[in-house]
Amino acid sequence: MIRLTNVNKDYHTRSGPVRVLRDVNLTVRPGERVGILGRNGAGKSTLIRLVSGAELATSGIVERRMSVSWPLAFGGAFQGSLTGLDNLRVICRIYGVDPDERVAFVEDFSELGLYLREPVKTYSSGMRARLAFALSMVIDFDCFLIDEIVAVGDARFHAKCNHELFVNRADRAMIIVSHNAGYIREHCSRAAVLEAGHLQHSDNLDEAFDLYNRQTAVAA
Amino acid sequence: MATHVDDVSTHGLVEAWRIQRRVIWALLLREILTRYGRHNIGFLWLFVEPMLFTLGITALWSATKAVHGSHLPIVAFAVTGYSSVLLWRNMPSRCVMAMPPNLGLLYHRNVRPIDIYLSRLILEAAGAGIAFVVLVIFFHFIGWLALPENVLEVIGAWLMLAWMGTGLALFIGALSEFSEAVEKLWHPAAYLLFPLSGAAFLVDALPVEAQHYVLLLPMVHGVEMLRQGYFGSQIVAHYSLSYMAVWNAALTLLGLAQVRKVSMTLELE
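K.L.:
If you had to explain the overall build of chain B to someone new, which residues and values would you point to?
P.N.:
When its secondary structure is counted, chain B shows 9 helices and 1 strand. Beginning at the N terminus, the succession of helices and strands in chain B can be written as β-α-α-α-α-α-α-α-α-α. For chain B, the spread of C-alpha atoms along the principal axes amounts to about 60 × 45 × 35 Å. Put simply, chain B has 269 residues, and 42% of those count as buried. Contacts in chain B between residues far apart in sequence, at least 24 positions, make up 76% of those at least 6 positions apart.

What follows is the structure, given as structure tokens:
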């Protein structure tokens, strides 16, 4: 279970602290798929960073009682001068997994061929994204964090990613943040709306979409 | 103040220590590969690079017949002196602005800023240590340098210098995350401290008045102790282990406090 209780997050700017999340409460149980809808700047990515533990909350309680992934397909931790394979080894060692057992999967899934043995800085953005997604599937987590639609590669590769994530890991919890209501409707059983740092819960999906649509309509 | 409760914390300190060792090892190997790659001599550069520094200084001092105020051979003097400089000077330099290029790694929750600093420090200390041992063995082999009189004392002094380097590095490194001026000031400071650090003179050869001032610097005590261990009866060393230990402890505490501040206020892209 993941539980956030009265979580606040401030960022420091030149004109003083700015509160990005206000009194956020959120509970995610094992196997549950929770969508969080929000427009640009609502605080979605900040929320993901707090849940992942990459950043610390300014106040409140963040509890992680199950293993939580890093934001899915995040490639920012790559060391460009290392090969794809070396980057795989770094991640496996950090999580205490034997790299040799995972090489075959990454080779097969990423479809990078001999480029897996070339420095990541020589990759195109599409190749990087394929490697990043494959590495996200290498470590087993109880809960996956998804920041925006996972759109990797062409339609066929995209379908393969969705199968790996939503079918092969159907029993895992997921937190999906997105501004795309359709994506959340497709994959989530519950949704909440994040607006200007406030997380508003709804009893069912439709209610959350109504709330979100009203917000976007006002903005338009 | 925010509270973070992790699945890990329920397993206690032993599990946390196991994870931290694993993370530091992973970062250490990543750093070796990134810095030295698999080309030419690869990770051997780890100690060949500091070795070349010491060799260069040794050659320079020998050629100019540097005045160091003792009858010790210049080679012996340079190898013991410059090896100690590598510790207190290079360790902080490796930690200055170490965070920005590694911010992405912090998305892996178990990787914390202290792990990034410690992996770099272990690597730096290992490089300087291996370089020292290799040079001693090499110069001994060709007959230019006797082996240390008291190996344990040399190791003790070396560990004291490495401890000082660690404390100073954590403090300067973490401080540099808050102000770019720290990086600008550290380089001239390190440069100016070198001639005062005891690497190029014996404290005993200085006027008594100057001895008092120079012994305010903690690394001078480490170098003197190292030379006493190495040359023993041939020189008169001036140092206080407790004075240096107080400095080291203070630097370590300040450093850890500063690293904690980095962890608390860190903002990822």
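K.L.:
An account of the overall build of chain A is requested, with residue identities and associated values reported.
P.N.:
Summing up its helical and strand segments, chain A has 7 helices and 9 strands in all. When the backbone C-alpha atoms are referred to their principal axes, chain A occupies close to 50 × 35 × 35 Å. Here chain A, with 220 residues, has 41% of them falling under the buried criterion. A fraction of 68% describes how many contacts in chain A between residues 6 or more apart in sequence connect residues 24 or more apart.

K.L.:
Residue-level account of the sheet that holds strand S5 (residues 68-71) of chain A, with values.
P.N.:
For sheets, the rule is that strands pair by backbone hydrogen bonds, running either parallel or antiparallel. Residues and elements named next belong to chain A. The 6 strands lie next to each other as S5-S6-S7-S3-S8-S9, forming an open sheet whose pairing is mixed. The sheet terminates laterally at S5 and strand S9 (198-201), the two strands that pair on one side only. Neighbour-to-neighbour, the strand axes of this sheet turn through a mean angle of 20°, independent of strand direction. Alignment of strand S8 (residues 190-195) against S9, held across 4 bridges, turns out to be antiparallel. Note that in S9 the partner of alanine 192 across the bridge is histidine 201.

K.L.:
Now, about the interface of chain A and chain B: what can you tell me, with residues and values included?
P.N.:
By a widespread convention, an interface's size corresponds to the accessible area lost as its parts come together. In this assembly, 31 residues from chain A lie in contact with 27 residues from chain B. If you list the elements that add at least two residues to the side of chain A that touches chain B, you get helix H1 (44-52), strand S4 (59-64), S5 and helix H2 (84-95) of chain A. Per element, the largest residue contribution to the side of chain A that touches chain B is 6 residues, and it comes from S4 of chain A. Among the residues forming the side of chain A that touches chain B, the class breakdown is 14 nonpolar, 10 polar and 7 charged. When S4 of chain A meets strand S1 (residues 2-5) of chain B, the two strands line up parallel, connected through 4 bridges. Residue glycine 60 of chain A lies in a different strand from S1 of chain B, and its bridge partner there is alanine 2 of chain B.

K.L.:
Describe the packing of helix H5 (residues 151-175) of chain B against helix H8 (residues 218-231) of chain B, listing the residues and the values that go with them.
P.N.:
All names here are of chain B. Contact geometry of H5 with H8 gives a least axis separation of 7 Å together with a crossing angle of 165°. Here H8 runs roughly antiparallel to H5, going by the angle between their axes. Crossing of H5 against H8: the hand is left-handed. Of the residues in H8, those in contact with Glu153, Val154, Ala157, Trp158, Met160, Leu161 and Met164 of H5 are Pro218, Met219, Gly222, Met225, Leu226, Gln228, Gly229 and Tyr230. Its residues assigned to classes, the contact of H5 with H8 comprises 11 nonpolar, 3 polar and 1 charged.

K.L.:
Lay out the nonpolar core in plain terms, naming residues and giving numbers.
P.N.:
In this structure, Leu47, Phe133 and Ile175 of chain A together with Cys95, Tyr117, Leu161 and Met164 of chain B are the most contacted members of the largest nonpolar core, which totals 133 residues. The element that contributes the greatest number of residues to this core is H5 of chain B, accounting for 15 residues.

K.L.:
Any chance you could break down the confidence of the model for chain B for me, citing the residues and the numbers?
P.N.:
Residue and element names in this part refer to chain B. Across chain B, the average pLDDT comes to 90, with 95% of residues at 70 or higher. Summarising per-element confidence for chain B, the mean pLDDT is lowest in S1 (72) and highest in H5 (97). Interface predicted TM-score (ipTM) for the complex: 0.89; the corresponding pTM is 0.91.

K.L.:
Summarise the sheet that holds S4 of chain A; cite the residues concerned and give the values.
P.N.:
Taken in spatial order, the 4 strands of this open sheet run S2(A)-S1(A)-S4(A)-S1(B), and their pairing is mixed. Each of the sheet's edge strands pairs with one partner strand only, and the pair in question is strand S2 (16-28) of chain A together with S1 of chain B. Taken over all neighbouring pairs, the strand axes of this sheet differ in orientation by 20° on average, direction set aside.

K.L.:
Account for the pairing of strand S7 (residues 173-178) of chain A, naming residues and giving values.
P.N.:
Residue and element names in this part refer to chain A. When you tally the buried positions in S7, you get 6 out of 6 residues, the bulk of the element. Of the two faces of S7, the one lined by Ala173, Ile175 and Val177 and the one lined by Met174, Ile176 and Ser178 are each fully buried. Of the pairings in the sheet, the one linking strand S3 (residues 33-38) to S7 comprises 5 bridges and is parallel in character. Paired with glycine 35 across the bridge in S7 is isoleucine 176. In this fold, the crossover linking strand S6 (residues 143-147) to S7 by way of helix H5 (residues 155-167) has right-handed handedness.

K.L.:
Outline the packing of helix H1 (residues 12-36) of chain B against helix H4 (residues 113-141) of chain B, listing residues and values.
P.N.:
Residues and elements named next belong to chain B. Orientation of H1 relative to H4, taken along the N-to-C sense of each, is 60°, at an axis distance of 9 Å. Relative to H4, the element H1 is oriented oblique. For H1 against H4, the interelement crossing comes out right-handed. Between H1 and H4, the contacting residues are Gln20, Val23, Ile24, Leu27, Leu28, Glu31 and Ile32 on the first element and Asp115, Ile116, Leu118, Ser119, Arg120, Ile122 and Leu123 on the second. Grouping the constituent residues of the contact of H1 with H4 by class yields 9 nonpolar, 2 polar and 3 charged.

K.L.:
Provide a residue-level description of the pairing of S2 of chain A, including the pertinent values.
P.N.:
With 9 bridges joining them, strand S1 (residues 2-13) of chain A and S2 of chain A adopt antiparallel strand pairing. The residue of S2 of chain A that forms the bridge with valine 7 of chain A is valine 24 of chain A.

K.L.:
Describe in detail unusual backbone geometry, supporting the description with residues and values.
P.N.:
Residue and element names in this part refer to chain A. In this structure, aspartate 23 takes a positive phi of about 45° despite not being glycine. Tracing the sequence through the fold places aspartate 23 in strand S2. Exposure remark for aspartate 23: the 15 C-beta atoms within 10 Å place this residue in the partly exposed category. Unusually for a residue other than glycine, glutamate 111 sits at a positive phi of about 55°. You can see glutamate 111 is positioned in the loop between helix H3 (99-110) and helix H4 (125-136).

K.L.:
For H4 of chain A, give the residues involved together with the corresponding values.
P.N.:
Residues and elements named next belong to chain A. Taking 1.5 Å of rise per residue, the 12 residues of H4 would be expected to cover 16 Å, and the 16 Å separating its terminal C-alpha atoms lies within 8% of that figure. When H4 is considered as a whole, its buried residues turn out to be Ala129, Arg130, Leu131, Ala132, Phe133, Ala134, Leu135 and Ser136. Of the surrounding elements, those touching the buried residues of H4 are S5, H2, H3 and H5.

About the thresholds
Residues numbered from 1 in each chain as written. Chains lettered and ligands numbered in written order. Predicted model: local features only at pLDDT ≥ 70, side-chain atom pairs only at ≥ 80, totals over all residues. Helix = DSSP H or I, 4+ residues; strand = E, 2+ residues; numbered from the N terminus. Buried ≥ 20, exposed ≤ 12 C-beta atoms within 10 Å, placed from the backbone. Contact = placed C-beta atoms within 7 Å. Pairing = 2+ DSSP bridges. Axes fitted to C-alpha atoms, helices over the stretch in contact; angles between N-to-C directions. Nonpolar A, V, L, I, M, F, W, Y, C, P; charged D, E, K, R; others polar. Parallel < 35°, antiparallel > 145°, perpendicular 65-115°, else oblique. Left-handed = near helix turned anticlockwise from the far one by under 90°. Core = buried A, V, L, I, M, F, W, Y, C linked by C-beta atoms within 7 Å. pLDDT = per-residue confidence, 0-100. Right-handed = clockwise from strand over helix to strand, strands pointing away. Expected span 1.5 Å × (residues − 1).

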